[in-house]
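Residues per chain, in single letters:
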Amino acid sequence: MSEREEKFEKMLQAIQKEYDDTVSKMEKMKVEGKSKTVTYKQLMSTKLMLQNMLSRYEIYGLM
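The notes below deal with the structure included here. (Residues numbered from 1 in each chain as written. Predicted model: local features only at pLDDT ≥ 70, side-chain atom pairs only at ≥ 80, totals over all residues. Heavy atoms only, no water.)

## Focus on the packing of helix H1 (residues 3-31) against helix H2 (residues 38-59)
Right, on to step 1. Two elements in contact, H1 and H2, have axes separated by 9 Å at closest approach and are oriented at 145°. Considering only the axes of H1 and H2, their crossing is left-handed.
Right, on to step 2. Of the residues that constitute the contact of H1 with H2, the class distribution is 15 nonpolar, five polar and four charged. (Axes fitted to C-alpha atoms, helices over the stretch in contact; angles between N-to-C directions. Helix = DSSP H or I, 4+ residues; strand = E, 2+ residues; numbered from the N terminus. Left-handed = near helix turned anticlockwise from the far one by under 90°. Nonpolar A, V, L, I, M, F, W, Y, C, P; charged D, E, K, R; others polar.)

## Overview of H1
Right, on to step 1. Here H1 contains 29 residues, and its C-alpha end-to-end distance of 42 Å stays within 8% of the 42 Å for a straight helix at 1.5 Å per residue.
Right, on to step 2. Buried residues of H1: Leu12, Ile15, Tyr19, Thr22, Met26 and Met29, and no others.
Right, on to step 3. Once H1 finishes, glycine 33 follows within two positions and takes phi at roughly 75°, a positive value. (Expected span 1.5 Å × (residues − 1). Buried < 20%, exposed > 50% of the residue type's maximum accessible area, 1.4 Å probe, protein only.)

## Thoughts on the environment of glutamate 5
Right, on to step 1. Its location among the elements puts glutamate 5 in helix H1.
Right, on to step 2. The exposure class of glutamate 5 is partly exposed, given its relative accessible area of 43%.
Right, on to step 3. At 2.9 Å, the side chain of glutamate 5 forms a polar contact with the backbone nitrogen of serine 2. (Polar contact = N/O pair within 3.5 Å; in protein donor to acceptor, adjacent residues only side chain to side chain.)

No statement about biological role is implied by the geometric values presented.
This is the structure we're talking about:
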């Protein structure tokens, strides 16, 4: 595997981890009744951005 491919894989794993962490935080906040807070809305924005990135990787056959 080339250095570039290794960097790509590392980036992809980081994005997937951040997405999973964000979803977990959102679920916890929702259970706590904090789904109308600014923090929750910021997490939603982050989730959508990460989801978009992962979708693009999938579209281009990189996943």
